[in-house]
Amino acid sequence: MDGLDDVFGEIYDDVDALVLFSPSGSYYERVAPLEDDGLDVIVVGTENTVGADPFVELPLEFSAVAERVRFGLEGALEQGIIEGGDVLACATSVFDGGIDTVSRVRANAEDQLGLYDLFSKSRADADVIKAVFEVAINLGKKGQKGKPVGALFVVGDAGNVMNKSRPLSYNPFEKSHVHVGDPIVTVMLKEFSRLDGAFVISDSGKIVSAYRYLEPAAEGVDIPKGLGARHMAAGAITRDTNSIAVVLSESDGMVRAFKAGELILEVDPEAY
Ligand SMILES: Nc1ncnc2c1ncn2[C@@H]1O[C@H](COP(=O)(O)OP(=O)(O)OP(=O)(O)O)[C@@H](O)[C@H]1O
Ligand SMILES: [Mn+2]
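What you are looking at is a predicted structure, and each value in this text was computed from that prediction instead of being measured.

> What exactly am I supposed to notice about the packing of aromatic side chains here?
Describing an aromatic ring pair means giving the distance of the ring centres and the angle of the ring planes. Under the definition given, this model contains eight aromatic pairs. Ring centres of phenylalanine 173 and phenylalanine 192 lie 5.5 Å apart, and the angle between their planes is 85 degrees; on these two criteria the pair is classed as edge-to-face. Here the residue phenylalanine 173 occupies a position in the loop between β7 (165-167) and α7 (183-192), and phenylalanine 192 occupies one in helix α7, the gap between them amounting to 19 residues. Take phenylalanine 173 and phenylalanine 192: they sit in the same class, and that class is buried. What links up through ring pairs into an aromatic cluster is the set Phe62, Phe71, Tyr116, Phe119 and Phe133. Note that arginine 30 overlies the ring of tyrosine 27, its terminal NZ or CZ placed 5.0 Å from the centroid.

> In this structure, what is going on with empty space enclosed by the protein? I would like to understand it.
Any empty space left between the atoms is revealed when a probe the size of a water molecule rolls over them. Overall, the coordinates contain one cavity of 30 Å³ or more when judged by the stated rule. Roughly 40 Å³ of internal volume is contained in the largest cavity. In terms of lining residues, the largest cavity is bounded by Gly150, Ala151, Phe192, Ser193, Leu195, Asp196, Gly197, Ala198, Phe199, Ala210, Tyr211 and Arg230. Those elements giving two or more residues to the lining of the largest cavity turn out to be β8 (198-201) and β9 (207-214). Residue composition of the lining of the largest cavity, grouped by class: seven nonpolar, three polar and two charged.

> Please clarify how the sheet that holds strand β5 (residues 101-106) should be interpreted in this entry.
Either a parallel or an antiparallel arrangement is found when strands of a sheet pair, and the pairing is made through backbone hydrogen bonds. As summarised here, the arrangement of the five strands in space is β3-β2-β1-β4-β5, forming an open sheet in which the pairing is mixed. Looking along the sheet, the strands with just one partner apiece sit at the ends: β3 (55-57) and β5. Going across the sheet, the axis of each strand differs from the next one's by a mean of 25 degrees, ignoring polarity. Sitting on the sheet, helix α3 (residues 65-78) touches β1 (17-21), β2 (40-45), β3, β4 (87-92) and β5, and the angle it makes with β4 is about 130 degrees.

> I would appreciate a short explanation of the domain arrangement of the chain in the present structure.
Think of interface size as the accessible area that goes away when the parts come together; that is how it is often given. Per the domain assignment, the segments of the chain are domain 1 (1-112) and domain 2 (117-271). Centre-to-centre, using C-alpha coordinates, domain 1 lies 32 Å away from domain 2. Taken together, the contact between domain 1 and domain 2 spans eight residues of the former and nine residues of the latter. For domain 1, the biggest contributors to the area lost against domain 2 are Pro59, Leu60 and Glu78; these three give 53% of the whole. One can count one salt bridge joining domain 1 with domain 2. Of the charged contacts, one joins lysine 121 and glutamate 78 as a salt bridge, the two residues approaching to 2.6 Å between their closest N and O atoms. If you look at where domain 1 meets domain 2, you find one residue pair in polar contact (both at pLDDT 80 or more). Among the residues making up the side of domain 1 that touches domain 2, the classes are represented as four nonpolar, one polar and three charged.

> Is there a simple way to think about the pairing of strand β6 (residues 151-155) in this case?
A regular strand places its side chains on the two faces of the sheet in alternate fashion. By the criterion of burial, β6 is predominantly enclosed, with five of the five residues buried. Here β6 shows a buried face lined by Ala151, Phe153 and Val155 and a second buried face lined by Leu152 and Val154. With five bridges joining them, β6 and strand β10 (residues 244-248) adopt antiparallel strand pairing. Within the sheet, the bridge partner assigned to alanine 151 lies in β10 and is leucine 248.

> For this particular structure, what's the right way to read the pattern of salt bridges?
When the charged atoms of two side chains with opposite charge come close together, those side chains can pair. Applying the stated rule across the entire model yields nine salt bridges. We note a salt bridge from glutamate 215 to arginine 166, for which the minimum N-O separation is 2.9 Å. Of this pair, glutamate 215 sits in the loop between β9 and α8 (229-240) while arginine 166 sits in strand β7; the two residues are 49 residues apart in sequence, bridging distant segments of the chain. In this structure glutamate 215 comes out as partly exposed when scored by relative accessible area, which is 38%. Salt bridges sharing common partners tie together Arg123, Asp157 and Asp203.

Calculation rules
Residues numbered from 1 in each chain as written. Chains lettered and ligands numbered in written order. Predicted model: local features only at pLDDT ≥ 70, side-chain atom pairs only at ≥ 80, totals over all residues. Heavy atoms only, no water. Phe/Tyr/Trp six-rings, centres within 6.5 Å; stacked < 30°, edge-to-face > 60°. Helix = DSSP H or I, 4+ residues; strand = E, 2+ residues; numbered from the N terminus. Buried < 20%, exposed > 50% of the residue type's maximum accessible area, 1.4 Å probe, protein only. Lys NZ or Arg CZ within 6 Å of the ring centre and 35° of its normal. 1 Å grid on protein atoms, 1.4 Å probe; cavity = no way out; pocket = protein on both sides within 12 Å on 5 of 7 lines; lining within 4 Å. Points joined across faces, edges and corners; volume = space filled by probe spheres on them. Nonpolar A, V, L, I, M, F, W, Y, C, P; charged D, E, K, R; others polar. Pairing = 2+ DSSP bridges. Axes fitted to C-alpha atoms, helices over the stretch in contact; angles between N-to-C directions. Contact = heavy atoms within 4.5 Å. Domains from an automatic or database assignment. Buried area = accessible area lost by both parts, 1.4 Å probe. Salt bridge = Lys/Arg side-chain N within 4 Å of Asp/Glu carboxyl O. Polar contact = N/O pair within 3.5 Å; in protein donor to acceptor, adjacent residues only side chain to side chain.

Encoded structure:
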């Protein structure tokens, strides 16, 4: 309908690029020819199933659309695919069953969340951070035997993290060489998360220790009020070392990630 074009046409008027979030192959094929008319088409997703170039990889399938779009645009800015000030038409799926929504967004180079930086520019491997995140989300969803459970994972720069912490109990990982992502590890992490302290994980994903009490310098750490000692310790260790931290809160059930002393990401496991 022409009338509707008059109303909604503004959404894609003068956009610098079209950003497709996890398009199906046939959707991408329909859109790709627009590139011949001078429209840039960027694909964002957890996997490049359509073989698109340029492509921006998402570490998680963010269920909140605003997060999904922000992360995608951060990645595109970071990779130099778009520039601050560019206007993008972002096409994504809000309901099940393919792309159903277009939002018009101006890329803002100043106001970055640091999400892309957290996953892709940390000392630890992106896959390791992603795997830890998944463990925390699963633990948050299911709890431990039905009860809510809290957990703290410190990932990367393990030598320094060990130096700034002390054991609360024997380390069940002392002689083992297991990595996050191994199926048995998910079970072990679940089991050991019932007890106090933090898990320390190396850059490459080796579980270095459980039950560590973190003693970082807390100076200059600015985390939201209302979060307790576990979150404070998580924030502080990421400022005092080159690690990142993922926390599952026992009290509100949220999973939070910290880097360089700041809260970067907050997700509700129930939404995944
Ligand atoms: N410095 C620390 N290092 C490691 N673990 C810690 C540290 N401080 C607290 N914890 C762990 O966090 C648990 C909960 O502490 P607290 O309630 O103060 O934290 P919180 O931030 O409110 O977390 P939650 O939202 O899960 O309650 C403690 O029982 C302990 O296992
Ligand atoms: Mn608490």
